[in-house]
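Secondary and tertiary structure notes
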Amino acid sequence: MFPVVDPNLPIIDPKFYGEAGISAIMTNAYLLKRGRPGQPPKDVHRTLDFKGTVATDSGAYQILEYGHVGVKPAEIVAYQEKIDTDIGVILDFPTGFHSDARRAGWTVDETVRRADEALKRIKRKDILWVGPVQGGIHIKEVARSALEMGKRPFSIYALGSPTELMEAQRFDVLVDMIVAAKKGLPHSRPLHLFGAGHPAMFPFIVALGCDMFDSAAYALYARTGRYLTSDGTQELTEIEEFSCMCRICDRTTPGEMRRLDPQEREQLLSKHNLLACFSELRRIREAIRNGHLWDLLEHRTYANPAFRKFLAKIIQHSPFLEQFTPTVKPRGISHFGEASDHRPEIARFSVRRSRVPIEGRKAVVLIPGRWRRPYHEDPRNLPIVSKLANRPNVSICFYTIPFGPVPMELDETFPLAQTESYDSHDPITYQQRAREVAAWLKRLSPKQTFLVSEGEYGLAIEKELSAVTPLLKIIRIQLKGSKPDRTVGTIIQRLR
Ligand SMILES: [Zn+2]
């Protein structure tokens, strides 16, 4: 994340970035130029007194604000080269929030035209040039823009997120925009999201494939006395104790901070806000390393109802996310409930199950899949499975809470054995899973069906199955003191 720095009004002492391990910042080349009329261009690192990576925006955002900027596309490219920026942005034409589809189309074409012009003018190949994707909230235009820009040799692509969209919490539209951009752009090059905003939403945009972003929220929120946390925003006036123990919060209390003069307060709040953003980034990276990013998304939906909508929209793109999810992960996953059904690993399991070859006219034996995994190694299942597994006319399937029906063939694939879940004994969940089991069975069109029915879940399956399969043999077992040898004996006796 690049903290956005106002080149003419820096709030934070640049030394702080070094101390906090912040290695890249972003500023605005247009504002830099405008703030120094008549002065020759100077190394931006020296201007900002910052030795790390400096990215410069081109002033395109100011077009949205003022309708135009007093600088030409070629001029701002040359200026960024002269100030020795590390990452430069061409002067695109932002679509904004209020354009209709026709206007959005025009901004896409104009940005492509400007991109071609800029690419001709660029002399410094050591600068990473950013190609912005436009289209605003018009998803078809975003897709077209991504395809066109993706054909051009930019090192980084970027998507403009209209500020109004964020302010109105229209995260659903943002999701569609990012997915449309990702689908059109080369996956080998990073995608930057302009104006990413609040740290609470970072995990969502990372999950969607944004590799980098900038944010001015830390400073904007500080200006109005707002304290950022990963779960939301607090008003400084209402905080009794800081939950954070960063170097700022550890040394002062909310009361002391309130009594500071406004400028000093803004500075301290900005620093905390910035650290809160970077702390969230650490959390995200760690979640990725452990394969737990989705868990973080689900967890975050409890912070703000708007994030439920965010996740619900991401879930609609679950098949797309699934394509880029590793086949195996270093650790298991958690199944918390309905939202987890759509996490990429579980979505993948459903796809895999649908590809299990069908050998019809067999006897299908449905056995409870409990917490013990692999399901067939459960001591209450093993005697049954070991006597049936090698019979050519028998198919074994476990009925489980996190995955619904699990054919024996998939019992040892990731993430089945590594999934943590819990049985809430919720009749609706049982019923929903029972329907999945029935649908699976229907697909197998078995000659006979044996259901080893246990508990309420078993009863729910009995009810569903009686509608789909006429030759159903139910063997009810007790939750405690089951006799697997007797169960398998009954099955073998009745096998045809
Ligand atoms: Zn803090």
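Residues numbered from 1 in each chain as written. Predicted model: local features only at pLDDT ≥ 70, side-chain atom pairs only at ≥ 80, totals over all residues. Heavy atoms only, no water.

Extensive coverage of strand 3 (residues 53-57) is indicated by the burial of 4 of its 5 residues. By the bridge criterion, 5 bridges tie strand 2 (residues 24-28) to strand 3 in an arrangement that is parallel. The partner of A24 across the bridge, within strand 3, is T53. Pairing between strand 3 and strand 4 (residues 87-89): 2 bridges, direction parallel. Across the sheet, the residue bridging to T56 is G88, located in strand 4. (Buried < 20%, exposed > 50% of the residue type's maximum accessible area, 1.4 Å probe, protein only. Helix = DSSP H or I, 4+ residues; strand = E, 2+ residues; numbered from the N terminus. Pairing = 2+ DSSP bridges.)

Right, let's talk about the coordination of the zinc ion for a bit. Tetrahedral coordination by four donors sets the ideal angle at the metal to 109.5 degrees; octahedral coordination by six donors sets it to 90 or 180 degrees. Looking at the zinc ion, the protein donor atoms are C244 (SG), C246 (SG), C249 (SG) and H272 (ND1), and they sit 2.1 to 2.3 Å from it. With 4 donor atoms in place around the zinc ion and angles of 97 to 119° between them, the coordination shape is tetrahedral. Here the donor residues for the zinc ion map to a single chain with the spacing C-x1-C-x2-C-x22-H. The two residues C246 and C249 agree in class, both being buried. (Donors = N, O, S within 2.8 Å, 3.2 Å for Na, K, Ca; no water. Tetrahedral: all angles 85-135°; square planar, octahedral: opposite > 155°, others 65-115°.)

Okay, a positive patch on the surface next. Taken together, the side chains of K82, K120, R121 and K123 define a basic patch exposed on the protein surface. Here K82 shows up in helix 5 (residues 73-82). On the basis of relative accessible area, K82 is assigned to the exposed category, the value being 56%. (Patch = residues over 30% accessible without salt bridge, like charges linked within 9 Å, V, L, I, M, F, W, Y side chains within 5 Å. Areas by Shrake-Rupley, 256 points an atom, 1.4 Å probe, with all protein chains shown as cover. Salt bridge = Lys/Arg side-chain N within 4 Å of Asp/Glu carboxyl O. Lys, Arg positive; Asp, Glu negative; His and termini not counted. Charge placed at Lys NZ, Arg CZ, Asp CG, Glu CD.)

A general tendency of soluble globular proteins is for nonpolar side chains to be buried together. Counting residues in hydrophobic clusters, the biggest one holds 101 residues, and the most contacted among them are I205, F310 and I314. The contacts of I314, once residues within four sequence positions are left out, are V175, F204, L208, W294, L297 and L321. Membership of the second largest hydrophobic core comes to 42 residues, among which are V365, Y375, F403 and I475. (Core = buried A, V, L, I, M, F, W, Y, C linked by side-chain atoms within 4.5 Å. Contact = heavy atoms within 4.5 Å.)

Quick look at the sheet that holds strand 17 (residues 472-477) now. Read from one edge to the other, the open sheet built from 5 strands follows the order 14-13-12-16-17, with strand pairing classed as mixed. Each edge of the open sheet is held by one strand with a lone partner, namely strand 14 (404-407) and strand 17. Within the sheet, the average angular offset between the axes of one strand and its neighbour, ignoring direction, is 25°. By the bridge criterion, 4 bridges tie strand 12 (residues 363-368) to strand 16 (residues 448-454) in an arrangement that is parallel. Pairing of L366 across the sheet is with L451, part of strand 16. In this fold helix 19 (residues 427-444) packs onto strand 12, strand 13 (394-400), strand 14 and strand 16, with an angle of close to 40° to the strand it touches most, strand 14. (Axes fitted to C-alpha atoms, helices over the stretch in contact; angles between N-to-C directions.)

Another aspect to go through is the sheet that holds strand 8 (residues 212-215). The strands making up a sheet associate through hydrogen bonds between their backbones, and the pairing can be parallel or antiparallel. Taken in spatial order, the 8 strands of this open sheet run 1-8-7-6-5-4-3-2, and their pairing is parallel. Sheet topology places strand 1 (2-3) and strand 2 at the edges, where each strand pairs with a single neighbour. For strand 7 (residues 191-194) and strand 8, the ladder comprises 2 bridges, and the chain directions are parallel. From the neighbouring strand, H192 faces strand 8, where its bridge partner is M212.

Here we come to the pattern of salt bridges. In a structure, side chains of opposite charge can pair up when their charged atoms sit close to one another. Taken as a whole and assessed by the stated rule, the structure comprises 32 salt bridges. One salt bridge in this structure joins R283 and E280, with 2.5 Å as the shortest N-O distance. On the criterion of helical spacing, the pair formed by R283 and E280 is a turn pair, its members being 3 residues apart in helix 13 (residues 262-290). A relative accessible area of 37% means that R283 is categorised as partly exposed. Since its relative accessible area comes to 0%, E280 is described here as buried. Two residues, R433 and D341, come together in a salt bridge whose shortest N-O distance is 2.8 Å. Here the residue R433 occupies a position in helix 19, and D341 occupies one in the loop between strand 11 (334-335) and helix 17 (344-354), the gap between them amounting to 92 residues. Across the pair, D341 and R433 agree in class, each one buried.

This brings us to the packing of aromatic side chains. Here the structure, examined in full by the defined rule, presents 15 aromatic pairs. Taken together, a centroid distance of 4.8 Å and an interplanar angle of 10° make the contact between Y227 and F242 stacked. Taken together, the residues Y227 in strand 9 (residues 226-229) and F242 in the loop between strand 10 (232-235) and helix 12 (254-259) connect sequence positions 15 residues apart. We classify Y227 as buried; its relative accessible area is 0%. Ring plane angle 35° and centroid distance 5.8 Å describe the contact between Y375 and F398, whose orientation is recorded as tilted. Of this pair, Y375 sits in the loop between strand 12 and helix 18 (382-388) while F398 sits in strand 13, and the two are 23 residues apart along the sequence. When its relative accessible area of 0% is taken as the criterion, F398 is described as buried. Taken together, the ring pairs in this structure connect F171, F204, F307 and F310 into an aromatic cluster. (Phe/Tyr/Trp six-rings, centres within 6.5 Å; stacked < 30°, edge-to-face > 60°.)

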